[in-house]
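A structural walkthrough
For reference, the chains in residue letters:
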Amino acid sequence: MSTRLNWIQEELDQLKQAGLYNRIRTLSSSQGAWLTVDGQSVLNLCSNNYLGLANHLALREAAEQAIIHYGVGPAAVRSIAGTMDLHLELERRLARFKGVEAAITFQSGFTANLATIPALVGKEDVIFSDELNHASIIDGCRLSGAPIVRYAHSDASDLEAKIQERQGQYCRGLVVTDGVFSMDGDIAPLDQIYAVSSKYDLMLMVDDAHGEGVLGRGGRGIVDHFNLHGKVDVEVGTLSKAFGVVGGVVAGSPLIVEWLQQRGRPFLFSSAATPADVAACICAVDLLEESTELVDRLWSNTDFFKREMKRLGFDTGQSVTPITPIMLGEAALAQQFSRELFAEGVFAMSIGFPTVPRGKARVRVMISAAHSQSDLEQGVEAFARVGRRLKVID
Ligand SMILES: *Cc1c(COP(=O)(O)O)cnc(C)c1O
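Rules used in this analysis
Residues numbered from 1 in each chain as written. Predicted model: local features only at pLDDT ≥ 70, side-chain atom pairs only at ≥ 80, totals over all residues. Heavy atoms only, no water. Buried < 20%, exposed > 50% of the residue type's maximum accessible area, 1.4 Å probe, protein only. Helix = DSSP H or I, 4+ residues; strand = E, 2+ residues; numbered from the N terminus. Pairing = 2+ DSSP bridges. Salt bridge = Lys/Arg side-chain N within 4 Å of Asp/Glu carboxyl O. Lys, Arg positive; Asp, Glu negative; His and termini not counted. Contact = heavy atoms within 4.5 Å. Patch = residues over 30% accessible without salt bridge, like charges linked within 9 Å, V, L, I, M, F, W, Y side chains within 5 Å. Areas by Shrake-Rupley, 256 points an atom, 1.4 Å probe, with all protein chains shown as cover. Expected span 1.5 Å × (residues − 1).

Below, the discussion takes up the pairing of strand 10 (residues 323–329). Of all seven residues in strand 10, seven are buried; the element is thus mostly enclosed. Alternating residues of strand 10 divide into Ile323, Pro325, Met327 and Gly329 and Thr324, Ile326 and Leu328, and every residue in both groups is buried. Pairing analysis gives six bridges linking strand 10 to strand 13 (residues 361–366), with the strands arranged antiparallel. Paired with Gly329 across the bridge in strand 13 is Ala361.

Right, let's talk about the pattern of salt bridges for a bit. Overall, the coordinates contain 18 salt bridges when judged by the stated rule. Across the salt bridge formed by Glu289 and Arg96, the nearest N and O atoms sit 2.7 Å from each other. Taken together, the residues span a long stretch of sequence, with Glu289 in helix 12 (residues 275–290) and Arg96 in helix 4 (residues 85–98) at a distance of 193 residues. The salt bridge partner of Lys162 is Asp158, with a shortest N-O separation of 3.1 Å. Remark: Asp158 and Lys162 occur in helix 7 (residues 156–166); sequence separation between them is four residues, near one turn of the helix. By the burial criterion, Lys162 is buried, and Asp158 matches it. Ionic contacts of the salt-bridge type, sharing partners, join the residues Arg93, Arg96, Asp286 and Glu289 into one network.

Tracing the backbone through its elements, the reader meets Asp208 in the loop between strand 7 (203–207) and helix 9 (222–225). It is Lys98 that comes nearest to the buried, bridge-free Asp208 among opposite-charge side chains, at 4.5 Å. Not counting chain neighbours up to four residues away, the residues in contact with Asp208 comprise Lys98, Gly179, Leu215, Gly221, Ile222, Glu235 and Val236.

A word on a nonpolar patch on the surface. A cluster of nonpolar residues, Leu5, Trp7 and Ile8, forms a patch on the protein surface that exposes about 330 Å² of accessible area. Residue placement: Leu5 occurs in the segment before helix 1 (6–17).

Right, let's talk about helix 14 (residues 331–343) for a bit. Spanning 13 residues, helix 14 covers 19 Å between terminal C-alpha atoms, matching the ideal 18 Å at 1.5 Å per step. Taken as a whole, helix 14 has its buried residues at Ala331, Ala334, Phe337, Ser338, Glu340, Leu341 and Phe342. Downstream of helix 14 by one or two residues, Gly345 has phi in the positive range, about 85 degrees.

Shown next as structure tokens:
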């Protein structure tokens, strides 16, 4: 027997010992406030289904109609024979929704970042990146070959200091930040970051994956939240979270969109999104444009849950969005907390290193408009019971 793969077993064993091994649960129901997980009905406090659209009747019907009309597969990359009128309609609709001139869609938010960053900068250039940016931004930055300068999290003065240190040493510069940080639920100070990036005439890109459908008027995102229309060059979003489907989007100037059609590698070398996905996304835009009801409910649910958790004495960290971390410290405690919640019928995942720093493990709760008041009350009560049992609260 060869031993050349033994290192993998050793690595896996180490992860298990450190309480960092990813145990993946299996769902046998659709997404919603309640899920069937490993055969058990549990309250869902972990998906990114912010508006409850993942199993919304109107989206399902739109997807069905698209399958009847266009079939199930795109059968090509966008630039060869994969761009259907449906793809273009979604892009027009997303641009209008976000109040920008143009948009281009991708297979996912992850691929949107992999497409965009290497198209904008290369090894002669420089990227200024928030130290807590999402993995897909980090990978996009690495793929570009540009030197990456990390600035302190959400710190516009550190960003400015880092820019000054590099002055005269690069051709083009790009500042990139998450809009909402997915592990802490805090919002980047995009107004301050814009003030700095425009002072030094750098390109500015924000990845609003957790702000799309959540922040701003009727869920129009972080640029709308800060009223920075026309000032942010690239707004990346995902259609896989609040929009309830799957896909990514870049919204902004028509020049950037045209450039990504020529140079965005996941656009050129990976197949288009399926007709069903695209039609469901168009339907999600329809719903968001028709009414703010779902976004309003998401925020009232969020306010209620946070208030109750704080009242019980839990630490919800820096969160100001529906992403609500319950800070616990050690990874082993967070894992035990999550397991005991599950036994109480509540599904909320623990998150540890390397997704968050060591010693900052947590159980992360994702609030949705799909939750009813009584769902949230049940969730809070389960947290209270487990929290007392594990001596996290009194
Ligand atoms: C979730 C997330 C992504 C990935 O989006 P997908 O559409 O699931 O690929 C990208 N960036 C950030 C900041 C995210 O939170």
